[in-house]
Amino acid sequence: MRNIMEDKKEKLYNTMGSEIADGFTCKPKNFDANKPIMHLKTQLFICTDERCGKAHKDKDIAATLRELIKEVNLSKGEDRIKVVRTGCFGACRFRSVANIYENTKVNGNLNNNGIWLKNIHQYDKEKWKRLFIALKENRSIDELEEFKQVPMSDPSFYK
Ligand code: FES
């Protein structure tokens, strides 16, 4: 005889669309070690280490950004943007810092690969959305004045 509570238990799915194992928040119920990771066009590395993390008013900036990405329909599909938290980049004086990685092996935009954004803790939700749309549309972030970048020294400086 089936347990009535079991029948009523709601199935949960992780962001990859896999059913979640009981007692976990993202572990798939049916583990497949060879399942490919979900395609992404753009990956945003957000520093949430000590100094950058403190600059954010938001306790979980990565979770907030994931919600915003959903709102602009870029959480899946060929233009998917993924957000990943990172430790210190060694660029704390420009906090908060984020790095844009474009998946140039598939459909990423070479022009926007390796962009370092500074002072992202000052972005409001609308500015974040403008960034996400610009990335989707392959607009050059270098030409968009509102997204200030971390300056990087020329390699010849260290010769
Ligand atoms: S804490 Fe973010 S760059 Fe150092």
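Residues numbered from 1 in each chain as written. Predicted model: local features only at pLDDT ≥ 70, side-chain atom pairs only at ≥ 80, totals over all residues.

Novice: Would you mind going over unusual backbone geometry with me for this structure?
Specialist: In terms of backbone geometry, most residues other than glycine have negative phi values and most peptide bonds are trans. Of the consecutive residues Arg95 and Ser96, the connecting peptide bond is found in the cis state with omega at -10°. Position of Ser96 among the secondary structure elements: in the loop between strand 2 (81-86) and strand 3 (98-102). If you check the backbone angles, Asn119 has positive phi at about 55° while not being a glycine. Note that Asn119 resides in the loop between strand 4 (115-117) and helix 4 (125-136). (Helix = DSSP H or I, 4+ residues; strand = E, 2+ residues; numbered from the N terminus.)

Novice: Where do I start with the environment of Lys27 in this structure?
Specialist: With respect to the element layout, Lys27 can be found in the loop between helix 1 (4-8) and strand 1 (42-47). Lys27 sits in the exposed class, given 12 other C-beta atoms within 10 Å. Each C-alpha atom, one on Lys27 and one on Trp116, is 32 Å from the other, the two residues being 89 residues apart in sequence. Each residue touching Lys27, except ones within four places of it in the same chain, is listed here: Ile20 and Ala21. (Buried ≥ 20, exposed ≤ 12 C-beta atoms within 10 Å, placed from the backbone. Contact = placed C-beta atoms within 7 Å.)

Novice: How do you make sense of the environment of Ala55 when you look at a structure like this?
Specialist: Within the secondary structure, Ala55 sits in helix 2 (residues 50-55). C-alpha separation for the pair Ala55 and Arg95, spaced 40 residues apart in sequence, amounts to 7.1 Å. Beyond its immediate chain neighbours, meaning those up to four positions away, Ala55 contacts Arg95, Ser96 and His121.

Novice: What exactly am I supposed to notice about helix 4 here?
Specialist: Given 3.6 residues per turn, any residue in an α-helix points the same way as the ones three and four places further on. Across its 12 residues, helix 4 extends 17 Å between first and last C-alpha, which sits within 8% of the 16 Å expected from 1.5 Å per residue. The complete set of buried residues in helix 4 reads Leu131, Phe132 and Leu135. Buried positions in helix 4, seen along its axis, are confined to an arc of 95° and lie on one side of it. One or two residues past the end of helix 4 sits Asn138, with phi positive at roughly 55°. (Expected span 1.5 Å × (residues − 1). Arc of directions from axis to C-beta.)

Novice: Would you mind showing me how to read the sheet that holds strand 3 here?
Specialist: Within a sheet, adjacent strands bond to each other through the backbone by hydrogen bonds, running parallel or antiparallel. Reading across from one edge, 2-1-3-4 is the order of the four strands in this open sheet, with mixed pairing throughout. What marks the edges here is a single partner per strand, and that holds for strand 2 and strand 4. Taking each pair of neighbouring strands and ignoring which way they run, the sheet shows an average axis angle of 25°. By the bridge criterion, six bridges tie strand 1 to strand 2 in an arrangement that is parallel. Across the sheet, residue Ile46 finds its bridge partner in strand 2, namely Arg85. Against the sheet, helix 3 (residues 61-71) engages strand 1 and strand 2, with an angle of about 175° to strand 2. (Pairing = 2+ DSSP bridges. Axes fitted to C-alpha atoms, helices over the stretch in contact; angles between N-to-C directions.)

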